[in-house]
Amino acid sequence: LAMENPPYNNALLLNSSRIGDVISSMVVVNYLRDVIGEVDFLVNENYFPMLETEPGINPINLEQALAKQYDLVVDLTSGKDSRRIVRKLKAREKLGFYRNWHQRLRLLGTYTAMRKKRVVRGGTEQDHIMKGFYPMLEFLGTSESLTPALHPGRATDATDRLLNEACGEGHKVVAIHFGATNPKRRPPDQLLHDIIGHIKQRGWGVILLGDEMELAQRLMEKGNGYPKLFQGDLNDLKYLLSKVDLFIGPCSGP
C-alpha cells in the first residue's frame, strides 16, 4: 500500500472535529504512518488516551506542533478553525480540502495542495464518512479502499473487573451507549429500558457507556444493580469494546 520512496520524512495530521470524524479520518493517519513510519497527530487532548496503544502515532498539542518543522501538514478538517492553525504551522507542503472553485482560489495562500471535498451523507456502508477522506489518500499515493482501524486498548484491572461483574456466569455482555451529543440521536428513555429488559431476559450482562449521569442513574435504579456503568477513559473504552459481544449505540464515536 505504501508509496515507493516517500517524499516526506515527517508529517503532522490535524483533525479538530469530534471523535467520530477523528476515528473515520484514521484511514489517512494510518496510511501515512505506514508510509513514513511515524506521524504526529494534532487532536483534542481529551482524545489522547485513545491513541496510547496506536504504534507510530504521536498525539501532540498545538504548542508542540508550532515548535516543529514538518515536510507535510494534512488538514483533515479543513474548516475555519483548522485553517487558522495551518497558517501558523511550519511545513514545506500543506494539504487540505476545498468545496468549490471560489474557496479554492481563497485558500491558495493556506495550502500548497488541495483536493475537492467529497460530500458523504452516510447511512450505508457504501456511503461511510471515511470515504470523504479518499481524495487525500489518492494524493498521497494509493487508490486502495482502506478502512479506519484502532488497536485494542491497554487492559486495566478496573475494566476487567467490570466485565467480570457484568457477564456473571460466562454469559454474553452487551455495551449500550445511551447518550449522544446531538439530542436528535439520543434514544428515548423507554426504548432504552425496553432494550435493557430484553437483554436481561436472555441472561446477558449490560454495561452502560456515557456521561449523562442522571439518565444512567435512572437506568440502573430500575434494574436494581443491573446494568453496570462504565467509567473510564478512551483507552479503557477501546479495551472494553474489544471484549464485549455486542455494541448498541446512536453515535459514531464509540
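Reading the values: rules and limits
Residues numbered from 1 in each chain as written. Predicted model: local features only at pLDDT ≥ 70, side-chain atom pairs only at ≥ 80, totals over all residues. Heavy atoms only, no water. Phe/Tyr/Trp six-rings, centres within 6.5 Å; stacked < 30°, edge-to-face > 60°. Helix = DSSP H or I, 4+ residues; strand = E, 2+ residues; numbered from the N terminus. Buried < 20%, exposed > 50% of the residue type's maximum accessible area, 1.4 Å probe, protein only. Pairing = 2+ DSSP bridges. Contact = heavy atoms within 4.5 Å. Axes fitted to C-alpha atoms, helices over the stretch in contact; angles between N-to-C directions.

(A) Geometry of the packing of aromatic side chains. Summed over the entire model, instances satisfying the criterion amount to one aromatic pair. Here Phe97 and Phe133 contribute two aromatic rings whose centre-to-centre distance is 6.3 Å and whose plane-to-plane angle is 50°, an arrangement assigned as tilted. Linking Phe97 in strand S5 (residues 90-98) with Phe133 in the loop between strand S6 (113-116) and helix H6 (134-140), this pair joins segments that are 36 residues apart in sequence. Residue classification places Phe133 among the buried positions, given a relative accessible area of 4%.

(B) How the structure looks around the pairing of S6. Note that S5 and S6 share four bridges and pair parallel. Residue Leu95 lies in a different strand from S6, and its bridge partner there is Ala113.

(C) Representation of the sheet that holds strand S7 (residues 173-177) in the model. Read from one edge of the open sheet, four strands run S9-S8-S7-S10, paired in parallel fashion. Every interior strand has two partners, whereas the edge strands, strand S9 (228-229) and strand S10 (246-248), have only one. Pairing geometry for strand S8 (residues 205-209) and S9, over two bridges, is parallel. Counterpart to Leu208 in the pairing with S9 is Leu229. Strands S7, S8 and S9 of the sheet are contacted by helix H7 (residues 157-167), whose axis makes an angle of about 135° with S8.

These figures come from the coordinates and say nothing about function on their own.
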